[in-house]
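Below, each chain spelled out in residue letters.
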Amino acid sequence: MHRLDRMVIEVSDAYSRRAAEYIEHFGSMSAVHPSDRQLVSTWASGIEGSVIDAGCGPGQWTNFLAELGLPARGTDLVSEFIERARGTYPEVPFTIGSFNTLDAVDGSVGGVLSWYSLIHHEPDTIRVPLLEFNRALRSDGTLLIGFFEGPVVEKFAHAVAPAYRWSVDDLSGQLIAAGFDVVESHVRKASGQRSQAAIVARCKDAR
Ligand SMILES: C[S@@+](CC[C@H](N)C(=O)[O-])C[C@H]1O[C@@H](n2cnc3c(N)ncnc32)[C@H](O)[C@@H]1O
């Protein structure tokens, strides 16, 4: 089996086992930092067309985007998350699947949100979903990634499954190689907590 497929199964199994715990601690907008809410809201205000919440977990961000008036849909590997999302937000469409192969026509999507959903990808496989997001996005489409930040690309013991922190420069390099221009980045460091970051990237004009 390909390493990326194995990793998808391992991540899916790990979140399935801890889905109830994850939902309790992180499964609602009340668990979200106000600056993240503002960041996503500002990004969303510039989107034309539909949005995919790639790795949506229990769907709180998908619903947030839908409440902002965007045609939003969420996708995730974990059936427990999708069942919860469908039950909590019955008006919002959710599908079970891997964002390494999105169910979207080329150039059809206005925005992709990947909020801490790329953290488990190994550095040599992260290009796969980035290329896939780029394929699905319109030429004026944008991607917003939330991730754990550090001075170098480094594996760490995330509570659910092994994860990677990335420097803004290293992840920007991956984005550029996958056909994006980096528009802006934000880093938030709080003592005693993991440093967190976000990057907004736009599809390169010529593609
Ligand atoms: C840290 S959680 C973040 C969930 C959600 N975005 C949030 O902010 O609460 C990471 C999520 O990414 C999902 N995920 C990881 N790899 C994925 C893949 N290849 N396709 C779809 N979902 C994936 C996991 O199942 C999990 O729900």
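Residues numbered from 1 in each chain as written. Predicted model: local features only at pLDDT ≥ 70, side-chain atom pairs only at ≥ 80, totals over all residues. Heavy atoms only, no water.

S.K.: Which parts of the structure should I look at to understand the site of the ligand?
M.R.: Around the ligand, 19 residues are found, and the nearest of them are Y22, G55, Q60, D76 and W115. In this structure, an oxygen atom belonging to the ligand sits 2.7 Å away from a side-chain N or O atom of D76. Starting from 590 Å² of accessible surface for the ligand in isolation, the protein chains cover 97%. Residue assignment for the shell around the ligand shows that the elements contributing at least two residues are α1 (3–17) and α4 (60–67). Looking at the shell around the ligand, its residues break down into 11 nonpolar, 7 polar and 1 charged. (Near = heavy atom within 4 Å. Polar contact = N/O pair within 3.5 Å; in protein donor to acceptor, adjacent residues only side chain to side chain. Areas by Shrake-Rupley, 256 points an atom, 1.4 Å probe, with all protein chains shown as cover. Helix = DSSP H or I, 4+ residues; strand = E, 2+ residues; numbered from the N terminus. Nonpolar A, V, L, I, M, F, W, Y, C, P; charged D, E, K, R; others polar.)

S.K.: Where do I start with the sheet that holds strand β4 (residues 109–115) in this structure?
M.R.: Whenever strands of a sheet pair, they do so through backbone hydrogen bonds, lying parallel or antiparallel. Strand order in the open sheet formed by 7 strands is β3-β2-β1-β4-β5-β9-β8, and the pairing between neighbours is mixed. Among the strands making up the open sheet, the edge pair consists of β3 (94–96) and β8 (180–188). The sheet shows a mean angle of 15 degrees between the axes of neighbouring strands, direction not considered. Here α4 sits on the sheet and contacts β1 (51–54), β2 (72–76), β3 and β4; the angle it forms with β2, its principal contact strand, is near 170 degrees. Contacts from helix α6 (residues 127–136) reach β1, β4, β5 (137–148), β8 and β9 (196–203) within the one sheet, and its direction differs from that of β5 by about 145 degrees. (Pairing = 2+ DSSP bridges. Axes fitted to C-alpha atoms, helices over the stretch in contact; angles between N-to-C directions. Contact = heavy atoms within 4.5 Å.)

S.K.: Mind showing me how you'd approach the side chain of S117 here?
M.R.: With respect to the helices and strands, the residue S117 is situated in the loop between β4 and α6. Within the structure, the side chain of S117 is placed 2.7 Å from the backbone oxygen of A54, a separation counted as a polar contact. One polar contact links S117 to S114, side chain to side chain, over a distance of 2.7 Å. Once residues lying within four places of it in the same chain are set aside, the contact partners of S117 are A54, G55 and F99.

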